[in-house]
Amino acid sequence: MEKLLLTHASELVTASGRRALRGREMREIGVIPDGAVLIEDGLIAAVGPTERIAPLAGQCETLDCSGRTVLPGFVDSHTHFIFAGHRAEEFSWRLQGESYMSIMERGGGIGATVGPTRAASEEELEREGAKRLASMLRFGVTTAEGKSGYGLDLDTELRQLAVMERLSGSQPVEVVSTFLGAHAVPEEYKGRTDEYVEFMIRQVLPRVKEQGIARFCDVFCEKSVFSVEQSRRLLTAAREMGFALKLHADEMVTLGGASLAAELGAVSADHLLHADERGIRDLAQSGTVATLLPATAFCLREPYADARRMIDSGCAVAVASDYNPGSCYTNSVPLLFALCCLYMHMSVEETITALTLNGAAALGLADRIGSIEPGKQADIAVIDCPSRHYLPYHTGVNLVERVIKKGKIVL
Ligand code: NIG
Ligand code: FE
C-alpha cells in the first residue's frame, strides 16, 4: 500500500461535505489545529489532530506541515483554457473606454480567437493547454473545468475537447470538459442564429456525445448572442442526450439566465453579475450552484455579482477564474481571494468553500473531491502561511508550497 502522512499543519481546513453548502452552511469549513492527514493509495484514510493520526500511520513517507495551512486542492470550475492567439489590444481598447460587447459586435471578442484556434494544430493546442494547467497547479488548483467554444465548427470543437481529454490523463490537474459550441455565432452563420443552434443540435452535439468527450453543455445566454429561448432549446436537447448543463447567465444584462438554469436543473449558472431578485430566488430554491467569476468583473470593470445577497438568500455559491484570452486573462487564485473578501463581502471561510467543495459541486464531483475527509481523493494544497486568514491578507501573493494530487506530491 502506498502511504503518505501530513503532520503538524498549524491549520488543517477540511471543508467537509459531499454536496454543495448553501447559505450559512458555507461558513462551516472545519478547522483542525495541529492537523494531520493520512493518505493510502491516493485516498484520504484518516484526518484529525496529529497526536491521534500519526500513530495510525506506521512507517511511511511523512510531510511536516509545521507553520503551514493545509487545504483541499482548489477546484477551478469555469475556464476557457484551450485557445490560440491573444487579444491584448482589446484590453487596451477597453482601457480607453470601449465595452466588451461593442468590441464583440465589431468582430473582436470571442470571434477573434476563433480564427487562430481553427488554424492551430492539435499539438499546439495541447502544448499551450499543458502550460496553462501547470500554471493552475502552481496556484493549488487540482481540478479544472475547460470549455470548447473557440471553434464554432464541428472539427475544431471536437479538437478542443479531444485535447482536454488527453491533457486530463497526461499531467496532474484533472480536467472536466464542457461543450460550449454556443459561445458565439460564427461569421458564416451571421444573422442566422436559429440555424446555428439547429446545426449544433443536429450535427455537433451528437458527435460530442458519441465520442464521450464532454460531461457538460453550456451556452452564452446574452443579449445579442443567444436568447433565453435559443438557450433553452439547445440545453433541452443536450439534456435529452445525457449532458449535464451549465449556463453563462446574466453576465452583461439581466436576461433571465439564472431562472432558466434553475428551471432546467442545470448544475451551475455562471457569472450572474446582473442576476435580479427573481433570478437569485430561483437559484436559492433550486439545486443549481451560483458560480461567480469576480476576476472577469474586475478585468471588465463591471459591477461584482451580489455574492452577499446570494449567500444570505440561501444559494450555494462557487467561485472560479473564467481564465480565457478575452474578458479575463488570469487564473490567479490569490486575486480571487482578494476580490471575494474585499469587494464581494464574502468571508474567508465562504471563499474557501466556494473554491473547494462548492467548486466540486459545480462539476457534479462533490462526492469525490473538494474536501479533506476519509474516502475522498487525496487532492491537497499546502500553503506557506500559518492560517487561512493570510489567503486574502497576503494580498495577491501565491503562497502555495506543495500540491498533492491523488495522493502524490506533484508540486
Ligand atoms: O465567460 N462571456 C462569454 N465567454 C467568456 C469570454 C470569452 C472570451 O472573451 O474569449 C466569459 O467571459
Ligand atoms: Fe466563461
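Sequence order sets the numbering: in each chain, residues are counted from 1 along the sequence as written. The lettering of chains begins at A and the numbering of ligands begins at 1, in the order of writing. Predicted model: local features are reported for residues with pLDDT of at least 70 only, side-chain atom pairs are reported and counted for 80 or more only, and whole-chain, interface and lining totals are derived from all residues. Note: side-chain values were computed over all heavy atoms of the structure, leaving out hydrogens and water.

Trainee: How do you make sense of the site of ligand 1 when you look at a structure like this?
Mentor: Here a residue counts as near a molecule or strand whenever at least one of its heavy atoms sits within 4 Å of it. Surrounding ligand 1, one finds 15 residues, the nearest of these being Y100, Y150, E251, H271 and S327. Take Y100: an N or O atom from its side chain is 2.6 Å from an oxygen atom of ligand 1. Counted as a polar contact is a pair of N or O atoms within 3.5 Å, where, for protein atoms, one must be capable of donating a hydrogen and the other of accepting one, and residues adjacent in sequence contribute only when both atoms are in side chains. At a separation of 2.8 Å, a nitrogen atom of ligand 1 approaches a polar side-chain atom of E251. To be clear on the numbers: accessible area is Shrake-Rupley with a 1.4 Å probe, and residue cover counts the displayed protein chains and nothing else. Starting from 320 Å² of accessible surface for ligand 1 in isolation, the protein chains cover 100%. As defined here, a cavity is a set of points on a 1 Å grid over the protein atoms alone where a 1.4 Å probe fits but cannot get out. A pocket is an open set with protein on both sides within 12 Å along at least five of seven lines, and residues line them when an atom is within 4 Å of a point. To decide whether a molecule occupies a pocket or cavity, check its atoms: if more than half lie within 2 Å of the grid points, it is inside. Judged by the fraction of its atoms near the pocket grid, ligand 1 is located in the largest cavity. Only Asp, Glu, Lys and Arg are considered charged in this grouping, and only Ala, Val, Leu, Ile, Met, Phe, Trp, Tyr, Cys and Pro are considered nonpolar; every other residue, Gly among them, is considered polar. A per-class count over the shell around ligand 1 returns four nonpolar, eight polar and three charged.

Trainee: Please explain the pairing of strand β15 (residues 400–405) as it appears in this structure.
Mentor: A regular strand places its side chains so that they alternate between the two faces of the sheet. Any two strands are treated as partners once DSSP identifies two or more bridges connecting them. We count a stretch as a helix when DSSP gives it H or I for four or more residues in a row; a strand needs E for two or more, and each element gets its number in order from the N terminus. Note that strand β14 (residues 380–383) and β15 share four bridges and pair antiparallel. Following the sheet pairing, A381 is matched in β15 by V403. Here two bridges tie β15 to strand β16 (residues 408–409), and the two strands are oriented antiparallel to one another. What sits directly across from I404, in β16, is I409.

Trainee: What should I look at first to understand the layout of surface pockets in this one?
Mentor: Think of a ball as big as a water molecule: rolled over the atoms, this probe shows where empty space is left. A volume near 490 Å³ is recorded for the largest pocket. Lining of the largest pocket is provided by 21 residues; of these, M104, A184, V185, E187 and K190 occupy positions nearest its centre. Grid points are joined across faces, edges and corners, and a volume is the space filled by probe spheres set on the points. As a volume, the second largest pocket reaches approximately 160 Å³. Lining the second largest pocket, in full, are E2, K3, L4, I39, D41, G42, E61, K406, G407, K408 and I409. Along the lines of polarity and charge, the residues of the lining of the second largest pocket split into three nonpolar, two polar and six charged.

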